[in-house]
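Below are the chains, spelled out letter by letter.
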Amino acid sequence: MGLKDYFKINRRRALLVLFFITLTQATTTVYTYLTSPQLNALSQGKFVYFIELIAVQFIFGQICNVSFNYSNVQNTRQTQDLFHQVRQKIVAHYYQEPAKVSEMKNHLGNDLQLVQESYYDVLFYFVCDFIYILLTIATLFTFHWLLVAYTLIDTLLAVVVPKLLEKYTNQATETVSSKNANFLHVIENWFNGLAELRRYQNKKVLKQIVGKNSYQLEKSEYERDKALAYTAMVAAIFNIAGRVGVPLIAGILFFNHQVNLGVILTAGYFANGIFYSVDSCVNRYMQLKSTKTLRNRLAELQQVSSEKRYDSVNQIASVQVKDLSIEYPSGEKIAYPDFVLNEGDKVLLTGDSGTGKSTLMKAMLGQIKPKTGEVLYLDKSGKRLHPDLRKLGYLAQDLLIFPGSIADNITMFNSKFNTKANNLVEQMAFEDDRARFDDGLNTQLDPHLELLSGGQQQKVVLMRLLLHQTPVLYLDEATSAIDQKATTMILRNLMKTNATLLMIAHNLTPEQKALFDREIYLEGK
C-alpha cells in the first residue's frame, strides 16, 4: 500500500487533488509575498496602492481557502474508496486462507486505521508542505540568492539528520500493531467465557490478564510516540536556526543596501512558513516511513492466490484411513485404527472421552496435519483424488449461525433453494419449531441473541448440509441437543440419502445405533 495505490484507485481525482494542493500553496505564497510591496507602499506614502494590494491579497486568500478545502474533500473521498477496495481484497484473502478472528479484526480494523492516520492523512499534508517549501524558496530568489543558499543548507540538515532515526519509528509502529493484535486475541478468548467467570466470581483474574495486556499495548504506543517526539525535537533545532537565520541575513543585506525594508518582514514570514513546513515535513516523513512494514504486510494480505485445481468431490467413491496418528502440542499421541468408508456407507464413530473422535474427523477434513499415516480419497477405479476438503459436509460441535433469517441460514443466502428448504423442515423434525415463530423460516436471527436453542441450531445446520447435497458428510455430535424422538426421525432420513456418512455420537439408543451400517469404537489407552 502506498502512493501508487492512491493514484490507481482514481487517477483523475488524484491529479485533481494534486492540482488544487498546488493552487493552494501558490496562492499562499503570493499572499505572503504581497506583504513586501505593501510595506514599501506604506513607507513611500502610497495609500491607494496599499489598499489595492490589500484587496488583491484578500482575493488570493479566498482562492487559497476554497482550493484547500476542495482538495481536502476530494482526498478524503479518494482514500475512502481506496480503503473500501483494500478491505474487499483482504476479505477475499481470508476467505481462501482463514486466520484467527482477532488477527483478522486487527488487520481489517486497527491496522487500516493506523495506515489511514499515520500514512494517507499525513501524506496529504506532507505534499502540501513540500510544495509550499519549493514555491517559497523559489520566491526568495527574487530577494537575494544568499537567503536561498542558507535556507537550502538548513533544510538539508533538517531532513537528513532525523532520517537516521527512521528504523526506530518503523519498529515502534510494528510493535503497536503486534501488541494490539495480541490484546484483541486476549479479549476474544477471555470475554467468550465472561458468563463462566461471573459464575465463579473470578473478576480478579480477568482484570489481571486484560490489565497486563492493556499495559503492554499502552506501553508500545508510548514508545512509538516517544520515538516520534525525539525525531521532532531534532528537526526543531534546525527549524529554529532557520527562522532566526533568514531574517538575520535579510537585515544584514538591508543595512548593506542590497534589499529594501519590506524584504526583512516578508523574508521573516517566509522563514517561519518554510521552516514550519520543513519541521512538519520531517515529522510527517518519519510517520510515513514508520508505517512501511505495516503497509507491506497489508499489501501482502491483498494478494489472493489463484485457486488450486482440485478433483471434484462428486468423484469420491471411498475414503481410507491408513496408519494415522496425531500428536498434540503437549506431546500426547493418539493412534487410530485403519478403516474404509465406501460410497454410501453410514458409519457411527463412538468411543470414550479423550480418544480423539473429533480430532480424527478434523484430520480427515485436512484441518489437522497427522504425525504419521494419511487419509486417502479414491475414485471408483481406486485412483487417488485431491478434492477440496473444504467443500465436504461438516457439522462441528461449534455451530455457525449467521445474521439473517432461518431460511438464509439453511440456503446460505441462495434464494433459489427456498422451496427445497421448506421440504427439509419435516425430514429434520423442524415443523414444530417453525410453528413457534410468527415469521416461520423468515424469522431474523442474531448470533449474539441466541434465539434458537442448541437443538434448533443443529437442525438448521443439518438442513443446510442436506440441501447442498454434499457426497460426504462428517457429523460431530449432530443430534446431541435434540430429543430422542426427533433424533430417530432425523437419523432415519439421513440413512435414506446417498451420502457417505461418518457420525460421532455418544447418546444414541440401541435402536438408533442399529440404523447405521456399522460402528467404529475408539478405545482409550
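In case you missed it, the structure is sitting above this.
Conventions we followed
- Residues numbered from 1 in each chain as written.
- Predicted model: local features only at pLDDT ≥ 70, side-chain atom pairs only at ≥ 80, totals over all residues.
- Heavy atoms only, no water.
- Salt bridge = Lys/Arg side-chain N within 4 Å of Asp/Glu carboxyl O.
- Helix = DSSP H or I, 4+ residues; strand = E, 2+ residues; numbered from the N terminus.
- Buried < 20%, exposed > 50% of the residue type's maximum accessible area, 1.4 Å probe, protein only.
- Pairing = 2+ DSSP bridges.
- Right-handed = clockwise from strand over helix to strand, strands pointing away.
- Axes fitted to C-alpha atoms, helices over the stretch in contact; angles between N-to-C directions.
- Contact = heavy atoms within 4.5 Å.
- 1 Å grid on protein atoms, 1.4 Å probe; cavity = no way out; pocket = protein on both sides within 12 Å on 5 of 7 lines; lining within 4 Å.
- Points joined across faces, edges and corners; volume = space filled by probe spheres on them.
- Polar contact = N/O pair within 3.5 Å; in protein donor to acceptor, adjacent residues only side chain to side chain.

Would you mind showing me how to read the pattern of salt bridges here?
Oppositely charged side chains can pair when the atoms bearing their charge come close. Considering all chains together, one arrives at twelve salt bridges under this definition. As a salt-bridge pair, Arg13 and Asp81 come within 3.0 Å of each other at their nearest N and O atoms. Here Arg13 is found in helix 2 (residues 11–33), whereas its partner Asp81 is found in helix 4 (residues 47–96), with 68 residues between them in sequence. You can call Arg13 buried: its relative accessible area is 9%. The class of Asp81 is partly exposed, set by a relative accessible area of 33%. The shortest N-O distance in the salt bridge between Arg284 and Asp129 comes to 2.4 Å. One end of the pair, Arg284, is in helix 10 (residues 261–290); the other, Asp129, is in helix 5 (residues 101–140), with 155 residues separating them in the sequence. According to the relative accessible area criterion, Asp129 is buried, its value standing at 10%. It is possible to trace a salt-bridge network through shared partners that takes in Asp111, Glu174 and Arg297.

Looking at this model, I keep getting lost on unusual backbone geometry. Mind explaining?
Working note: non-glycine residues mostly have negative phi, and peptide bonds are mostly trans. Not every positive phi belongs to a glycine, and Asp323 is a case in point at roughly 50°. Its location among the elements puts Asp323 in strand 1 (residues 318–327). In this structure Asp323 comes out as exposed when scored by relative accessible area, which is 53%. Unlike most non-glycine residues, Phe413 shows phi in positive territory, near 65°. In this structure, Phe413 sits in the loop between helix 13 (406–411) and helix 14 (418–427).

What exactly am I supposed to notice about the pairing of strand 10 (residues 472–476) here?
Consecutive side chains along a regular strand alternate between the two faces of the sheet. In terms of residue burial, strand 10 counts as a mostly covered element, since five of its five residues are buried. Burial along strand 10 is two-sided: Val472, Tyr474 and Asp476 facing one way and Leu473 and Leu475 facing the other are all buried. When strand 10 meets strand 11 (residues 500–504), the two strands line up parallel, connected through five bridges. Of the residues in strand 11, the one forming a bridge with Leu475 is Met503. For the crossover that starts at strand 10, traverses helix 17 (residues 484–495) and ends in the parallel strand 11, the hand is right-handed.

So what exactly am I meant to see when it comes to the sheet that holds strand 11 here?
Sheet strands associate in pairs through backbone hydrogen bonding, adopting either a parallel or an antiparallel arrangement. Ordered by their spatial adjacency, five strands build an open sheet running 7-10-11-4-12, and the pairing between neighbours is parallel. For this open sheet the edge positions go to strand 7 (393–395) and strand 12 (518–522), each flanked by a neighbour on one side alone. Each strand of the sheet is rotated relative to its neighbour by a mean of 15°, with strand direction disregarded. As judged from the four bridges shared by strand 4 (residues 346–351) and strand 11, these two strands associate in the parallel manner. In the sheet register, Val347 faces strand 11, and the bridge partner there is Leu502. In the packing of helix 17 onto the sheet, contacts are made with strand 4, strand 10 and strand 11, and the angle to strand 11 comes to roughly 150°.

Help me out: how do you make sense of the layout of surface pockets in this one?
Approximately 2,100 Å³ is the volume attributed to the largest pocket. In this structure, the largest pocket is lined by 39 residues; those nearest its centre are Tyr95, Pro98, Gln367, Arg390 and Leu400. Secondary-structure elements contributing two or more residues to the lining of the largest pocket are helix 4, helix 5, strand 7 and helix 16 (454–467). Examining the composition of the lining of the largest pocket, we find that four residues originate from one element, helix 4, more than from any other. Considered as a void within the structure, the second largest pocket measures approximately 640 Å³ in volume. What lines the second largest pocket is a set of 16 residues, and nearest its centre among them are Leu399, Pro447, His448, Glu450 and Gln457.

What should I look at first to understand the side chain of Thr139 in this one?
Within the element layout of this structure, Thr139 appears in helix 5. Of the polar contacts made by the side chain of Thr139, one reaches the backbone oxygen of Leu135; its length is 2.8 Å. In contact with Thr139, not counting residues within four places along its chain, are Thr29, Tyr33 and Phe270.

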